[in-house]
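Summary of structural features
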Amino acid sequence: MNGLVYGLAAFVGIVATALGCYGMVGGTGAVRLAWLVPLGGLDLTLDSLGAFFLALIGFAAVPTSIYAMAAPPDESKARFTFLGFVLSMCLVPLAANTMTFVIAWELMSITSYFLVLQDRESRSSVYAGWVYAVMTHAGLACLLAGMLLLGAWTGSPRFEDWRAAAPALASGARSGAFILLALGFAGKAGVIPLHVWLPLAHPAAPSHVSALMSGVMIKLGVYGLARVSLDWLGIGPAWWGLTILIAGAASSVIGVLYALVDHDLKRLLAFHSIENVGIILLGLGSSVVFQAAGQPTLALLGLTAALYHTVNHAAFKALLFLGAGAVVHATGTRNMEAMGGLIKRMPWTAACFLVGSAAIAALPPLNGFVSEWLTFVALFQNRHLSSIGLNLVFVLGIASLALTGGLAMACFVKAFGITFLALPRSDAAASAVEAPVATRLAMVMLAAACVGLGLGPTVIVPALGAVGASVLERAAPAMVGDWLTLEVAGGYASLSALAIAIALGAAFIVPMAALRLVRAPHRTRDYETWGCGRIVQTARMEYTATAFASPFKRVFDFFYRTTTRLDIEFHPQSRFFVQRIEYENHTSSIFHDWLYRPALELLRAGARAAGGLQSGSANLYLAYILAALLLMLVLT
Amino acid sequence: MIVEAGVAIVQLMVVGLGAPLLLGMLRTVKARLVGRRGPRPWQPYADLWKLLGKEVVVSTTSSWVFRATPYVLVATVLVAALIVPVFVAHPPLAFAGNIILLVYLFMLATFFLALAGLDAGSAFGGMGASREVAVAALAEPTIIVAVFALALRADTIDLGRVVERFGHEPWLAANPAHLLAFAAFFIVMLAETGRLPVDNPATHLELTMIHEAMVLEYSGRYLALVEWAGAIKFFLFMTLLANLFFPWGLTSSVGPGAMLLALVALGGKLAVLTGAVAVLETSVAKLRLFRVPELLAGSFALAFLSLMAVILVQ
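**Quick word on the overall build of chain B**
Counting its regular elements, chain B contains eleven helices and one strand. For chain B, the spread of C-alpha atoms along the three principal axes comes to 55 × 45 × 40 Å. Across the 314 residues that make up chain B, the buried fraction comes to 65%. Here the analysis covers contacts within chain B between residues at least 6 apart in sequence; of these, 80% occur between residues at least 24 apart. Accessible surface, chain B as shown: approximately 10,800 Å² in total, 70% of it carbon and sulfur. Looking at chain B, you have 20 positive and 18 negative side-chain charges, and the mean spots of the two groups are 8 Å apart.

**A short note on the packing of aromatic side chains**
All names here are of chain B. Scanning the model with the defined rule gives 43 aromatic pairs over all chains in all. Pairing Phe185 with Phe237 gives two aromatic rings, centres 6.1 Å apart and planes at 40°, and the pair type is tilted. Of the two residues, Phe185 is situated in helix α7 (residues 176–192) and Phe237 in helix α9 (residues 220–245); the sequence distance between them amounts to 52 residues. Under the relative-accessibility criterion, Phe185 is labelled buried at 1%. The exposure class assigned to Phe237 is buried, which follows from its relative accessible area of 2%. Put simply, the rings of Phe106, Phe182, Phe185, Phe186, Phe237, Phe245 and Phe246 touch in pairs and so form one group of aromatic residues. Above the ring of Tyr222, the side-chain terminus of Arg221 is found at 5.2 Å from the ring centroid.

**Regarding the side chain of Ser251 of chain A**
Residues and elements named next belong to chain A. Secondary-structure assignment places Ser251 in helix α11 (residues 238–260). Residue classification places Ser251 among the buried residues on the basis of a relative accessible area of 0%. Setting aside chain neighbours within four positions, we find Ser251 in contact with Val191, Ile192, Ile274, Glu275 and Gly278.

**Quick look at the packing of helix α5 (residues 98–116) of chain A against helix α10 (residues 207–232) of chain A**
All names here are of chain A. Between α5 and α10, the shortest axis-to-axis distance is 12 Å and the interhelical angle comes to 155°. One element, α5, and the other, α10, form an angle in the roughly antiparallel class. Crossing of α5 against α10: the hand is left-handed. Judged by residue contacts, Phe101, Trp105, Met108, Ser112, Leu115 and Val116 of α5 engage Val209, Met213, Met217, Leu220, Gly221 and Tyr223 from α10. Each residue belonging to the contact of α5 with α10 can be placed in one class, and the counts come to ten nonpolar, two polar and no charged.

**Overview of unusual backbone geometry**
Residues and elements named next belong to chain A. The step from Ile192 to Pro193 runs through a cis peptide bond, and the omega angle for that step is 5°. Along the polypeptide, Pro193 turns up in the loop between α8 (171–189) and α9 (198–204). The omega torsion across Pro364 and Pro365 is 0°, close enough to zero to call that bond cis. Mapping Pro365 onto the fold places it in the loop between α15 (347–360) and α16 (367–380). Even without being glycine, Ala362 reaches a positive phi, approximately 60°. A positive phi angle, near 50°, is found at Arg561, a position not held by glycine.

**A short note on a nonpolar patch on the surface**
All names here are of chain B. Together, Ile9, Met13, Leu17, Leu21, Met25, Trp42 and Tyr45 give the surface a local cluster of nonpolar side chains, amounting to about 690 Å² of exposed area. Per-element accounting of the nonpolar patch gives the leading share, five residues, to helix α1 (residues 2–33). With respect to the element layout, Met13 can be found in helix α1.

**Here's the deal with the interface of chain B and chain A**
Listed per partner, the contact involves 80 residues of chain B and 81 residues of chain A. The largest per-residue losses of area from chain B upon contact with chain A belong to Tyr71, Tyr104 and Phe111 of chain B, which jointly make up 10% of the total buried on that side. Taken together, the links from chain B to chain A amount to two salt bridges. Here Glu55 of chain B makes a salt bridge to Arg525 of chain A, at a shortest N to O gap of 3.2 Å. Our count for the contact surface shared by chain B and chain A stands at 17 residue pairs in polar contact (both at pLDDT 80 or more).

**Some thoughts on the environment of Ala55 of chain A**
Residue and element names in this part refer to chain A. Residue placement: Ala55 occurs in helix α2 (residues 48–70). Measuring from C-alpha to C-alpha, the distance between Ala55 and Val311 comes to 9.5 Å, with 256 residues separating the pair along the chain. If near-sequence neighbours (up to four positions away) are discounted, Ala55 is found in contact with Ala16, Thr17, Gly20, Cys21 and Met24.

**Thoughts on α8 of chain A**
In this model, α8 of chain A (19 residues) spans 26 Å end to end at C-alpha, consistent with the 27 Å of a helix rising 1.5 Å per residue. Positive phi shows up at Gly190 of chain A, right after α8 of chain A, with a value of about 80°.

**Side note on the pattern of salt bridges**
All names here are of chain A. For the coordinates displayed, the defined rule picks out 24 salt bridges over all chains. Linking Arg597 and Asp593 is a salt bridge whose minimum nitrogen-to-oxygen distance equals 3.4 Å. Of the two residues, Arg597 and Asp593 are both situated in helix α24 (residues 590–611); the distance of four residues between them amounts to about one turn of the helix. Judged by relative accessible area, Arg597 falls into the partly exposed class, the value being 41%. Overlapping salt bridges bring together Arg565, Asp567, Glu569, Arg580, Glu582 and Glu584 as one network.

**Description of the confidence of the model for chain A**
A low pLDDT means the predicted coordinates there should not be read in detail. Overall, the predicted model of chain A reaches an average pLDDT of 89, with 98% of residues at or above 70. Strand β3 (residues 479–481) of chain A is the least confidently modelled element of chain A, averaging 61 in pLDDT, while α15 of chain A averages 95, the highest of any element.

Rules used in this analysis
Residues numbered from 1 in each chain as written. Chains lettered and ligands numbered in written order. Predicted model: local features only at pLDDT ≥ 70, side-chain atom pairs only at ≥ 80, totals over all residues. Heavy atoms only, no water. Helix = DSSP H or I, 4+ residues; strand = E, 2+ residues; numbered from the N terminus. Buried < 20%, exposed > 50% of the residue type's maximum accessible area, 1.4 Å probe, protein only. Contact = heavy atoms within 4.5 Å. Areas by Shrake-Rupley, 256 points an atom, 1.4 Å probe, with all protein chains shown as cover. Lys, Arg positive; Asp, Glu negative; His and termini not counted. Charge placed at Lys NZ, Arg CZ, Asp CG, Glu CD. Phe/Tyr/Trp six-rings, centres within 6.5 Å; stacked < 30°, edge-to-face > 60°. Lys NZ or Arg CZ within 6 Å of the ring centre and 35° of its normal. Axes fitted to C-alpha atoms, helices over the stretch in contact; angles between N-to-C directions. Parallel < 35°, antiparallel > 145°, perpendicular 65-115°, else oblique. Left-handed = near helix turned anticlockwise from the far one by under 90°. Nonpolar A, V, L, I, M, F, W, Y, C, P; charged D, E, K, R; others polar. Patch = residues over 30% accessible without salt bridge, like charges linked within 9 Å, V, L, I, M, F, W, Y side chains within 5 Å. Salt bridge = Lys/Arg side-chain N within 4 Å of Asp/Glu carboxyl O. Buried area = accessible area lost by both parts, 1.4 Å probe. Polar contact = N/O pair within 3.5 Å; in protein donor to acceptor, adjacent residues only side chain to side chain. Expected span 1.5 Å × (residues − 1). pLDDT = per-residue confidence, 0-100.

Written out as structure tokens, the structure is:
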């Protein structure tokens, strides 16, 4: 039964990919059933941008479904919910009017809510589900408000009509709609400071669901942001783009900073999703700014970078979540401090996780590097902008992207090094075994996608450019080049991922061979690690994840606001003999302390004040109704 | 095509063979400055040759990551050597991704070296790895922003064309922005290549060192490769400094005479810079580890100011 349903989900994925690719090469299609849904009917339309996201969903659904087939029963039991989740996600980019969109969006939220809530016994899981439900519905409220207002102003619930009517609206109305819709979509995308649900919900879900949520679902927030800022509302003012750009810069740096000090493997990955959405928004924001500045060619470059990073992040984040899932099954814990030495026990998982780590850290020649390179080049185009304020924001974007790259590299040295290398830090890790074949197959597929997406920008960038051009309308192609080299921004910069890969390969093999010819190597001796003269070398002497992250904690102390407690119990006779040491180190979230807690307290105070009205007496309620009626009559 | 391949091979030879000599020169000058005779400049060649013939001890704890890392390091720095304009203005792999690629190639090297540091399971390796990635992560924005300041002024991101533009129009370089970018890049060079005051390449006191702690487990030919890669990285950073900020003497043609002249010019510039690094290294003390981020933040501020100056002047 499991195999059948997950097989069906994989089949849905293949169909979605095929349909999406058909739409990306220019195919169109529409389904309209007016009787099925009230207020405008079911309206599904395939257009270029929607097709790209549809293909993305399908592309991630296939390996995650394969993984789910081999997942243990307690993780894979919600099979129909999973299928519903995949199907509802497929509907979102196809929806062409408000009602269809909202129904698909809500179905996606509800199915993912039940998938997050799989482990109903654990308090943390229930809490995660609760926060997720609240945040996603707050977002839905914003979306509904924005869409209904826009529908009322333009006189149509259909997105196509908005495109035609929106440019004629008053600028205040357009900006109001933009703010509401952008807030709703940014919440789904996990943009700081609306990210609080993401590090709770993603780790709580089973790993194949986490992979889909992180890899694809939050991208639908990006899809919505792209629609709002470039498509539905026409060309907006520059501050829309700047807002997106600043949100992207903040999300990328803050996301990776949180990931650095988190030692729960899946939560670390969830924080990296925030970071990567930030990188996508850097590209998207630059695109909106260029569009406002009347530079459609550069806008296309920024949008292409954003779309490229979207698909790249889906590939490596799904891979990393599946890898983390395999590790969690094998060791029974998500805590990295209890792992180690898994590279010898799970060689396939380790190799795939290493590919994913290198890809997300944007190391050449893998896919993360290509899209970050494009984002850098898009941001460098600020030389075409005249305003100093705009330039300043772009420079901040460049600096935060560079800082993010460095910190992500550091974080994945920790994630891979502490999890897979050295000696196992617990018995569970020591007795871990390799994941089943289906799991490995899913991971190898995604690792191959990371390599392929990295080597093929000369093919992929023009395809994505065509998708972007359909949104931006009449934009000239921003990239030229041949099969080997990609030239962007009118010859300003060029990239050849293939040449890098070939050069790296040659420079790896030739010295190895030459060394054997020039100076025959003496024998290699296997011996224990040098231990400063200590007799036993155990896992307790290894560097821990906490220790690894401690330089960052010190450097960014103003952000983490760490509280440390050190409790040492000495031997009563001598202070030189320590009997027990307890060390605790906590970081606190400024968003929780400064934004959400005051907001929640305000909400509670408001509820308490309103509670005074609720006496329970029917007579009083009748009086309220009468008063309200009178008020209405007086006001109108 | 054949000419380009020839240039590539000559450039690799210059960088690969010149790197140990540059390091040897630096050590000799430093020794002379503090009144020692010191080793001869070509001592690093002898060291590398000796290490290549020695037995390798590999920890039983470690995995294939540890054994592959020395080759990954060599591969990344050799590819990097083809991106930097060393003595010809148009390096062979310049089309492959420019300065961004260069920065991320060095990150690739750091990534694997740090993993290798963790692989053997000793506390020293982990300590070194943690510190090295911290320094590398904080240095990266400075490199990108400083080089972008130059690129913005020269109106191209291609390193070779930046150098050419400044060479032809020296008044572009006569600008406070240029000086700020130079200072920022110089500090980052010291941090990235593990020189004083960030790291002490001569120390073997485990608690204070960064890079040396991370490679503590390496021996024999692996150590030779790691050291050689480190020397090449130092050479490339020095060359970048020399050519970006003193952009004269590079050749656009590939004739043997012009190339020889360009090499002499490069040697002269590197000698001056080496002298400056030696003086600096003998006159400052190593910073406490947790003061290093302040230095790097300072260098970032310089780079940022430089970029701001460029934008405001335009």
